[in-house]
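# Structure at a glance
Each chain, written out:
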Amino acid sequence: MPADVDPTATVQRIVEAAAALPEDWGGVTGWAALAWMGARWFDGTPWGGGPRRLPTLAIGGNRAIRAQRSFATSEERLAPGDLLVVDGLRVTTAARSVCFEMRYAPNPLDAAVTLSMACYDDLVSIDEAAAYAATLNGWTGIPQARDGLVLAVENAWSPPEVLMGTVWARTGLGRPLHNRPVFDPEGRHLGTPDLVDPVAGVVGQYDGRLHLAGARRLRDLGGEEAYRSHGLEVVTMLAGDRRDPGPFLARLTGAYLRAADLPAHRRRWTIEQPDWWHDTSTVAARRALPPHLRGRLLRYRAA
């Protein structure tokens, strides 16, 4: 290995693992396959933090390959249609890879985050993952994967948003929409909050470490003022609320109570999209974007 190559880099770890594959069979699967196909959120780190996991090689019944310090193996049944070559490296399809991760996730919420973040880069849709999962009756972890399918969303922009939306929905107060743009009555874009309950008029924002930076924090405060001035109540989840959501739930309840007391004439907002707006809320909608619009409308991914 050249001295300037970082052996801990995600791509390098995947390439080194794939070098152990037989010439004509097997492929990289799970998070490593998704990362190789361009999924930005996958580097082997568990969603809750901790040491990075090894890439996994799907080898079917080939027992000639044994797990090593640099990779794990899966001997589960492997069909030819589950394999494809991406940039010279053999991987399992996005649907197979994401279902593998979901089945072996620590819990259904982590399974939902996995699928949601694969949807983030349009590698797979929830319907596509569900269709593949339907072919895995009796496989290890498939009940958990199905639970994760119910919790997953196609328009979350970060893992904490999936957690926040799930915690919110479980309160019974309402089921929020992820990254749904909000407009004033004249069709001007007020902002795209992390979460919004369009029935109650409550907006939710996740405030992690990135949001504490000066310029970003100023933008966030400006956005919150725009929402409030148009009759939306704003509630924020902090990074610490992920460990103990109790304080967030108390703030959320307060926001719902304040929103309920707001007179109707103060509610000067809508989620109805004007004619000039391009919807990007689903995998199908984003895949259908022409190339000249993708870079502009999906620029949040580069951030």
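One structure accompanies this document, and this report is about it. Keep in mind the model is a prediction, meaning the values are calculated, not measured. (Residues numbered from 1 in each chain as written. Predicted model: local features only at pLDDT ≥ 70, side-chain atom pairs only at ≥ 80, totals over all residues. Heavy atoms only, no water.)

### Section: the sheet that holds strand β6 (residues 177-178)
Backbone hydrogen bonds hold the strands of a sheet together, and the pairing may be parallel or antiparallel. Read from one edge to the other, the open sheet built from four strands follows the order β6-β9-β10-β11, with strand pairing classed as mixed. Whereas interior strands pair on both sides, the edge strands pair on one side only; in this sheet they are β6 and β11 (233-238). Bridging between β6 and strand β9 (residues 195-197) involves two bridges; their strand directions are antiparallel. When the sheet's bridge partners are listed, Leu177 is paired in β9 with Val196. Strands in contact with helix α7 (residues 159-170) are β6, β9, β10 (202-207) and β11; relative to β10, the strand with the most contacts, it is inclined by about 140°. This element, helix α9 (residues 246-260), spans β9, β10 and β11 of the sheet and lies at about 175° to β11. (Pairing = 2+ DSSP bridges. Helix = DSSP H or I, 4+ residues; strand = E, 2+ residues; numbered from the N terminus. Contact = heavy atoms within 4.5 Å. Axes fitted to C-alpha atoms, helices over the stretch in contact; angles between N-to-C directions.)

### Quick look at the nonpolar core
Among the nonpolar cores identified, the biggest contains 67 residues, and Val28, Phe42, Val98, Leu115, Trp168 and Val202 are the most heavily contacted of them. The dominant element in this core, judged by the number of residues it contributes, is helix α4 (residues 108-120), at eight residues. Val182, Leu190, Leu232 and Val234 belong to the second largest nonpolar core, which has eight residues in total. (Core = buried A, V, L, I, M, F, W, Y, C linked by side-chain atoms within 4.5 Å. Buried < 20%, exposed > 50% of the residue type's maximum accessible area, 1.4 Å probe, protein only.)

### Considering the packing of aromatic side chains
Counted by the stated rule, this structure contains nine aromatic pairs. Relative to Trp276, the ring of Phe183 has its centre 6.3 Å away and its plane inclined at 90°; by these criteria the two rings are edge-to-face. You can see Phe183 sitting in strand β7 (residues 182-183) and its partner Trp276 sitting in the loop between α9 and α10 (283-287), a full 93 residues away along the chain. For Phe183, a relative accessible area of 0% corresponds to the buried category. A ring pair is formed by Trp276 and Trp277, whose centres lie 5.4 Å apart and whose planes are at 75°; its orientation type is edge-to-face. By relative accessible area, which is 23% here, Trp277 ends up partly exposed. (Phe/Tyr/Trp six-rings, centres within 6.5 Å; stacked < 30°, edge-to-face > 60°.)

### Some words on helix α5 (residues 126-133)
Among the residues making up α5, those that are buried are Ile126, Ala129, Tyr132 and Ala133. The buried side chains of α5 occupy one side of the element, clustering within an arc of 130° when seen end-on. Those residues of α5 that are buried lie in contact with α3 (94-103), α4 and α6 (142-151). (Arc of directions from axis to C-beta.)

### What to know about the pattern of salt bridges
Here the structure, examined in full by the defined rule, presents 13 salt bridges. Between Asp121 and Arg40 there is a salt bridge, and its shortest N-O distance comes to 1.9 Å. Linking Asp121 in the loop between α4 and α5 with Arg40 in the loop between α2 (30-36) and β2 (56-58), this pair joins segments that are 81 residues apart in sequence. Asp121 sits in the buried class, given a relative accessible area of 9%. Between Asp122 and Arg301 there is a salt bridge whose closest N-O contact spans 2.6 Å. Residue Asp122 is found in the loop between α4 and α5, and its partner Arg301 is found in the segment after α11 (291-297); the two are separated by 179 residues along the sequence. Grouping residues by exposure puts Asp122 and Arg301 together as buried. (Salt bridge = Lys/Arg side-chain N within 4 Å of Asp/Glu carboxyl O.)

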